[in-house]
Amino acid sequence: APKGDASATVEAFDSRMRSLASKTVAIPAGTTKHLDAGQAFKSKRVAYLVVRPKGEVIAAATYVKGGGISSLALLAAPVTVLGPQVRPLG
């Protein structure tokens, strides 16, 4: 949180896009915080996570296995998507 206190809510979903649980992390100004998703969401059904920040947050997803590590910056995704227009026939 580079410019003031912030928070981030992390929500876990299953493969059918159903919400399983969520956790909110408070991030004091000028600090970093982490959430161990494996510890926070113990369900084996977690397929993906959605992060919703409040305030200015710089975020990354990091994966560690054995001696390897991978980190990916998180960026905002579009929140509006156009769908097909459907009308009944007849």
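Residues numbered from 1 in each chain as written. Predicted model: local features only at pLDDT ≥ 70, side-chain atom pairs only at ≥ 80, totals over all residues. Heavy atoms only, no water.

A. Quick look at the overall build of the chain. What the chain contains, in helices and strands, is one helix and five strands. Tracing the chain from N to C terminus, the helices and strands come up as β-β-α-β-β-β. Against the compact-globule benchmark of 12 Å for 90 residues, the chain has a radius of gyration of 17 Å, which places it well outside the compact range. Across its three principal directions, the C-alpha atoms of the chain cover 60 × 35 × 25 Å. A burial count over the chain gives 14% of its 90 residues as buried. Within the chain, residue pairs in contact and separated by at least 24 positions form 47% of the contacts whose partners lie at least 6 positions apart. By element, 57% of the accessible surface of the chain is carried by carbon and sulfur atoms, the whole surface being about 7,600 Å². (Helix = DSSP H or I, 4+ residues; strand = E, 2+ residues; numbered from the N terminus. Rg over C-alpha atoms; globule rule 2.2 N^0.38 Å. Buried < 20%, exposed > 50% of the residue type's maximum accessible area, 1.4 Å probe, protein only. Contact = heavy atoms within 4.5 Å. Areas by Shrake-Rupley, 256 points an atom, 1.4 Å probe, with all protein chains shown as cover.)

B. Summary view of the sheet that holds strand β3 (residues 48-54). Spatially, three strands are ordered β2-β1-β3 in an open sheet, and the strand pairing comes out antiparallel. The open sheet is flanked by β2 (19-27) and β3, the only strands paired with a single partner. Strand-to-strand twist in this sheet, taken as the mean axis angle between neighbours without regard to direction, amounts to 20°. Note: strand β1 (residues 6-13) against β3, seven bridges, orientation antiparallel. Across the sheet, residue Thr9 finds its bridge partner in β3, namely Arg52. (Pairing = 2+ DSSP bridges. Axes fitted to C-alpha atoms, helices over the stretch in contact; angles between N-to-C directions.)

C. Broad picture of the nonpolar core. Residues Ala1, Ala6, Ala8, Val25 and Ile27 constitute the largest nonpolar core, which totals five residues. Mapped onto this core, the elements with two or more residues apiece are β1 and β2. (Core = buried A, V, L, I, M, F, W, Y, C linked by side-chain atoms within 4.5 Å.)

D. Structural detail: the side chain of Ser7. Looking at the element boundaries, Ser7 is found in strand β1. Not counting residues within four places of it along the chain, the set of residues in contact with Ser7 comprises Thr24, Val25, Ala26, Ile27, Arg52, Pro53, Lys54 and Val57.

E. Representation of the environment of Lys42. As for its placement among the helices and strands, Lys42 is situated in the loop between α1 (37-40) and β3. Placed 38 residues apart in sequence, Lys42 and Thr80 show a C-alpha to C-alpha distance of 31 Å. Side chain to side chain, Lys42 and Gln39 meet in a polar contact 3.3 Å long. (Polar contact = N/O pair within 3.5 Å; in protein donor to acceptor, adjacent residues only side chain to side chain.)

F. A look at the side chain of Glu11. Relative to the assigned elements, Glu11 resides in strand β1. Since its relative accessible area comes to 15%, Glu11 is described here as buried. In this structure the side chain of Glu11 is engaged in a polar contact, spanning 2.6 Å, whose partner is the side chain of Ser19. The contact partners of Glu11, leaving out residues within four places of it in the chain, are Ser19, Ala21, Ser22, Tyr48, Leu49, Val50 and Arg52.

G. Expanded view of the environment of Gly55. Of note, Gly55 is situated in the loop between β3 and β4 (59-65). Residue classification places Gly55 among the exposed positions, given a relative accessible area of 55%. For Gly55 and Ile69, which are 14 residues apart along the polypeptide, the C-alpha to C-alpha distance reads 28 Å.

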